[in-house]
Amino acid sequence: MSTESKAGDLHRTLNWKGAFWVAAGVPPLVLFSIGGIAGVAGQAAFVVWMLSMIMGFSQSFTYAEMAGMFGNKSGGTSVYGATAWLRYSKLIAPLSVWCNWFAWSPVLSLGCAIAAGYILNALFPIPLETAPQVVAWVAAHLADYTAATPAVVDYITNNAGTTPDAAIQAVANADGIAALTPAFRVWEAYALNIPGLGLLHFNSTFVIGVVLMLIMMVIQHRGIAATASAQKVLAVIVLVPLLLVGLVPIFTGSINSMNVTGIVPPSAPYSGVNGAWNIGGWTLFLGGMYIAAWSTYGFETAVCYTAELKDPKRDTFRAIFYSGLLCILFFFLIPFSFQGYYGQEVLLSTGVVDGTGVGAALGAMLGTNPIFIQIFVILMILALFLAIMTAMAGSSRTLFQGSRDGWLPKYLSKTNSHGAPTGAMWTDFAFNVFLLALASNVGGYFYVLAISNVGYLLFNFLNLNAGWIHRIDSPHLDRPWKAPSWLIGFNTVLAFVNLLFLGAGAKVWQSVGANPDAPPALWAGLVFAAFILPVFWFRHYVQDKGHFPKEAMEDLGLTDHGDLGPRKAGMLPYLALAAGAAVVLWSNWFFVLPA
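This structure is a prediction, so every number in the text was calculated from the model and none was measured.

*Asks:* Help me out: how do you make sense of the packing of helix α6 (residues 107-123) against helix α18 (residues 422-438) in this one?
*Replies:* Packed helices, taken two at a time, are described by their axes: the angle between them and the distance between them. For the pair α6 and α18, the least separation of the axes is 8 Å and the interaxial angle reads 50°. Taken as axis vectors, α6 and α18 run oblique relative to one another. Here the hand of the crossing between α6 and α18 comes out right-handed. Residues L108, S109, C112 and A113 of α6 touch α18, and the partners they reach there are D428, N432, L435 and L436. Residue classes in the contact of α6 with α18 are distributed as five nonpolar, two polar and one charged.

*Asks:* Mind showing me how you'd approach the packing of aromatic side chains here?
*Replies:* Centre distance and the angle of the planes are the two values used to describe a pair of aromatic rings. Evaluation of the coordinates by the stated rule reveals 38 aromatic pairs. Measuring from centroid to centroid gives 6.3 Å for Y297 and Y456, while their planes differ by 40°, and the two rings are tilted. Placement of Y297 in the loop between α12 (279-296) and α13 (312-342) and of Y456 in helix α19 (residues 442-473) is noted, with a sequence separation of 159 residues between them. An aromatic cluster of three or more residues is present, and its members are W16, F20, W21, F57, F61, F317, F321, Y322 and W481.

*Asks:* Which parts of the structure should I look at to understand the nonpolar core?
*Replies:* Here is a general trend for soluble globular proteins: nonpolar side chains tend to be buried in one another's company. Core analysis: the largest hydrophobic core is formed by 178 residues, its most contacted members being F32, Y290, F338, L362, W407 and L502. Residues within four places of L502 in sequence aside, it is in contact with Y290, V454, L457, L458, L522 and V584.

*Asks:* I tried to follow the confidence of the model for the protein on my own but got confused; where do I start?
*Replies:* Detail in the predicted coordinates should be disregarded across regions flagged by low pLDDT. Mean pLDDT over the protein stands at 86; residues scoring 70 or higher make up 93%. The least confident element of the protein is helix α23 (residues 550-555), whose mean pLDDT is 71; the most confident is helix α24 (residues 572-590), at 96. Confidence drops under pLDDT 50 across residues 1-8; counting only partners more than four residues distant or on other chains, this segment forms 14 contacts.

*Asks:* What's the story with helix α7 (residues 132-141) in this structure? I'm lost.
*Replies:* Each turn of an α-helix holds 3.6 residues, which means side chains three or four residues apart point in the same direction. Within α7, burial applies to V134, W137 and V138. What you see down the axis of α7 is that its buried residues fit within an arc of 95°, all on one side. What points out from α7, more than 90 degrees from its buried face, is the exposed set P132, A139 and A140. Contact partners of the buried residues in α7: α9 (164-180).

*Asks:* Would you take a moment to explain the pattern of salt bridges for this structure?
*Replies:* Between side chains of opposite charge, a pair can form when the charged atoms approach closely. Going through the model one piece at a time under the given rule, you end up with seven salt bridges. A salt bridge links R479 to E65; its shortest N-O distance comes to 3.0 Å. One end of the pair, R479, is in the loop between α19 and α20 (485-509); the other, E65, is in helix α3 (residues 45-69), with 414 residues separating them in the sequence. The exposure classification of R479 matches that of E65, with both residues buried. Here R539 and D544 are joined by a salt bridge, their closest N and O atoms 2.8 Å apart. You'll find R539 and D544 in the same group, each marked buried. Linked through salt bridges whose partners overlap, the residues forming this network are E65, R471 and R479.

Conventions adopted
Residues numbered from 1 in each chain as written. Predicted model: local features only at pLDDT ≥ 70, side-chain atom pairs only at ≥ 80, totals over all residues. Heavy atoms only, no water. Axes fitted to C-alpha atoms, helices over the stretch in contact; angles between N-to-C directions. Helix = DSSP H or I, 4+ residues; strand = E, 2+ residues; numbered from the N terminus. Parallel < 35°, antiparallel > 145°, perpendicular 65-115°, else oblique. Left-handed = near helix turned anticlockwise from the far one by under 90°. Contact = heavy atoms within 4.5 Å. Nonpolar A, V, L, I, M, F, W, Y, C, P; charged D, E, K, R; others polar. Phe/Tyr/Trp six-rings, centres within 6.5 Å; stacked < 30°, edge-to-face > 60°. Core = buried A, V, L, I, M, F, W, Y, C linked by side-chain atoms within 4.5 Å. Buried < 20%, exposed > 50% of the residue type's maximum accessible area, 1.4 Å probe, protein only. pLDDT = per-residue confidence, 0-100. Arc of directions from axis to C-beta. Salt bridge = Lys/Arg side-chain N within 4 Å of Asp/Glu carboxyl O.

Right, here's the structure in full:
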């Protein structure tokens, strides 16, 4: 295989260690939803993370085999798996790529939303009730309030049993905090309600988030080698302290056994009260598995850069295998130590759920010294940068290769002089500017996450089935690393387990906290997945006149431009699709939230 890079190609400047460092942004994803999963899984939250990580590691061996088969492609395992479906349906192949892209791409907007929250907290903090300036303001204005003041009356109405004096104090405190909160912190230029989707907030979080995304793009415009170098520095700075947070509470005996025993789901989402393993409890647990998959499976991005590896036959398996081991370490340690140290009360606090208080909570696990806390707040921002860089690098290459293979518009395959896929990167940016407006509040944040994960589990289902389809249809293709046949079969079973999570788990999140008129996450995600139909139709039938690019056919060992090759698997792929749809519909009907 040639290692020369032609004009318009990605540049082969990476070894497996470079791909490993680019993928090192996956472990910090545990911090994106550690509070959200605790809210729906309760005491079983750390078990959710461990089980999900085990599934992700097992599935990666199917992906490693397929990645080695296509050493000249980039874009990740969805691209390699999509080629298996090409013979059976022109629409399924681009669906896999599309679903993987819109699952990974929102890391940019979600990460920037959290990072913007940290920056706002640091530069424009909301004063505490006990802050001297708030106390002084309340003392100066307390006489302005009486039991007949409308706000005081409303407070007493909403808090039965409160005395007038207590209500006056509470309202005065709230007004004092509001009066002394920096204007930029609560600034909002415009809010736009999009029927059937949600509320877009063009506020301070949005502005800071856009600036952060632009900074990430500037770094990545220099190519994958520069990105890997930046990632290596960030990873060492972030992951070493994060590892200490996971280990220190265990070795110092700071884990409270009561926080990690009695493993049961909660009685209701975010209730903090132990429930039972009934249908409602299982529904919440599956909701945790649903969201955890978005993080724990993510190290498959290590094989997004196959076309940029100097020796893809040797390095592809190493990149994904060692990335998987790194993720096992962090996805086992951090949730266990965090839950064992703090328990449900802290995990369900607003700052942990929305992500903006996770850094301070991590620092406090190592000591009460304010310096520790401030260091970890800074590290949290760097961890978010690490994850965002990983997502931008992987998702842009998925768009790039989808364009090269004839599934997505041609402009997405444009690269600059450094071999960076600039057309795809700007598309990622534009898409995430829109998502950032939707995710600029806590409810919208989890709604975006839940919708994107619909695509991710659909992609995993199609890709795990692609493993055995390739075995049947393309036995002639070289496999530098070949997974045991029993593992390919086991991972095929996990493909249907993922659809169980999709049908049951997505309904846990629905549109809670977002626009109440927004559709359930499952159906919103399926509708967005269907957007590939007009996109593919335009590329395939308008731009390419019904034919696939020559290089896409050659990758499958086919030379006839009009023939996609024999369908040796017969009806089996179609039966798998029908069975998958049945699992989603049944699980969505059978599993219900606790009353």
